[in-house]
Amino acid sequence: MSSPIVITGMGMISPLGCGVKPVWERLTAGQSGVGLIDRFDTTDFPIKIAGLVPGIEQDPEAGFDIEPLIEKKERKKLDLFTIYALGAAQQALEQAGWFPKTEAERQATATIIATGIGGFTTITQAQQTLDTRGYKRLSPFTVPAFLANMAAGNLSIRYGFKGPLGCPVTACAAGIQAIGDGMRIIRSGEADVALVGGAEACVDPLSLAGFHALKALSTESEAPTRASRPFDRARNGFVMGEGSGLMVIETLEHAQARSATPLALLSGYGTSADAYHITSGPEDGSGAAAAMRAALKMAGLAPGDINYVNAHATSTPVGDNAEVASLRSVFGDSLPTTPVSSTKSATGHLLGAAGGIESIFSALAVMHDLLPPTLNLEASDEAMQDLDFVPNVARPQTTRHALCNGFGFGGVNAALIVSKV
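Residues numbered from 1 in each chain as written. Predicted model: local features only at pLDDT ≥ 70, side-chain atom pairs only at ≥ 80, totals over all residues. Heavy atoms only, no water.

Tallying secondary structure elements over the protein gives 14 helices and 15 strands in all. Relative to its length of 421 residues, the protein is compact, with a C-alpha radius of gyration of 20 Å against a globular reference of 22 Å. Once the C-alpha set of the protein is aligned to its principal axes, its extents read approximately 65 × 55 × 45 Å. Taken over 421 residues, the protein has a buried fraction of 60%. Considering only contacts within the protein whose residues lie at least 6 apart along the sequence, 79% involve residues at least 24 apart. (Helix = DSSP H or I, 4+ residues; strand = E, 2+ residues; numbered from the N terminus. Rg over C-alpha atoms; globule rule 2.2 N^0.38 Å. Buried < 20%, exposed > 50% of the residue type's maximum accessible area, 1.4 Å probe, protein only. Contact = heavy atoms within 4.5 Å.)

Below, the structure is given as structure tokens:
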């Protein structure tokens, strides 16, 4: 039997701060990273809140510090989503202790970094420059900054990773699909190690207005930290978030051979398509259920073996209902006794990066035997009141296997199972 795949490094840039340890402490303490948008004037704009990554000046303990990460002259060549990926990668690679020295090691390292939208703000700003100052004022770095694969490309260049390079652009399932793709690449023998996860930074007037036109975003602004409330009957849309969650994965055998510490096991992965609708899944959640069943099959587990579910639940009525239907289909009578929470209640929805940070949260739940809460949950829908959504307060619980879900526009579904080593 082939050696199991393990996580040996994790890195995170998020609305709750930067660094896995402080973010986990804040998440499990019930803190929220959602606040008022201060990057552009929202006076006459319908969306006034988002989950923004705090800067080091706002958050001296765990804010994002770009200074030691990228030289000033290099920053203009990069979109923010790539910059966030660089920050998360540095953390993950340092924890894993993976900085290949030989050509063989470089060839054996894959870089699979997902995004939902890529360099969106670079595009919108370039359009403004074109309209106001003319084509001659466009930067030659415009295209290399906005291309979706440039987080992966820049990481590969920075660290000399010469193995497979990829970028799932599968909306909000992309982060989990990047991890699944990395697992496949290692299984096939194309690489020994993979840097995987997602990055996103599109808190921009155009993207927010576009999602608002879909009636997908919460328009609340009076109490930003309470706006993201998955499963709550008063939920009224998701809150946009940004950041990056990346992990280093490899076989247990490879990790042990180089004396790396395995943090958690990636035991199962599954993906599927709804073949139903461009923005909404079927009400019965059948496509999502298929992805979860595929992950369980790979892991050799029964639904009752899962101790915790990190739900995709974004805080939209349609999406949350469909996911609960999919969970009922898969778990049956065991669902009411299986804790389910949505960490998007604390971070907002990071789109293509959501699966990256939520897979890390799932791994941490397994590692620390602690379930992160669903914030702002006061009263769930009548049809969900038999379920345990870990409301408002983190809960100690022995957790051997955790399931993490990610679903996206276009009908794409992905599910990952993280287990104790």
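Attention now goes to the side chain of Asn405. Looking at the secondary structure, you find Asn405 in strand 14 (residues 401-408). In this structure Asn405 comes out as buried when scored by relative accessible area, which is 0%. Here Glu323 takes part through its side chain, which lies 3.2 Å from a polar atom of the side chain of Asn405. Apart from residues no more than four positions distant in its own chain, Asn405 is found in contact with Ile176, Met292, Val309, Asn310, Ala311, His312, Glu323, Leu327, Glu358, Ala414 and Ala415. (Polar contact = N/O pair within 3.5 Å; in protein donor to acceptor, adjacent residues only side chain to side chain.)

Considering all chains together, one arrives at 8 aromatic pairs under this definition. An angle of 35 degrees between the planes, with centres 6.5 Å apart, marks the rings of Trp24 and Phe361 as tilted. Placement of the pair is Trp24 in helix 1 (residues 20-28) and Phe361 in helix 14 (residues 354-368), with a sequence separation of 337 residues. Like Trp24, the residue Phe361 is buried in the burial classification. Consider the rings of Tyr159 and Phe161, whose centres lie 5.6 Å apart with planes at 20 degrees: the pair is stacked. Overall, the relative accessible area of 15% leaves Tyr159 in the buried class. The exposure class assigned to Phe161 is buried, which follows from its relative accessible area of 2%. Grouping aromatic residues by their ring pairs yields a cluster made of Phe99, Tyr159 and Phe161. (Phe/Tyr/Trp six-rings, centres within 6.5 Å; stacked < 30°, edge-to-face > 60°.)

This paragraph deals with the pattern of salt bridges. For the structure shown, the criterion picks out 18 salt bridges. Its salt-bridge partner being Glu103, residue Lys162 comes within 3.2 Å of it at the nearest N-O pair. Taken together, the positions of Lys162 in the loop between helix 7 (150-159) and strand 6 (165-166) and Glu103 in helix 4 (residues 103-107) put the pair 59 residues apart, joining distant regions of the chain. The partly exposed category is assigned to Lys162, whose relative accessible area is 44%. Close ionic contact of Asp369 with Lys420 constitutes a salt bridge, the shortest N to O distance being 2.8 Å. Here the residue Asp369 occupies a position in the loop between helix 14 and strand 12 (370-371), and Lys420 occupies one in the segment after strand 15 (412-419), the gap between them amounting to 51 residues. Classification of Asp369 as partly exposed rests on a relative accessible area of 26%. (Salt bridge = Lys/Arg side-chain N within 4 Å of Asp/Glu carboxyl O.)

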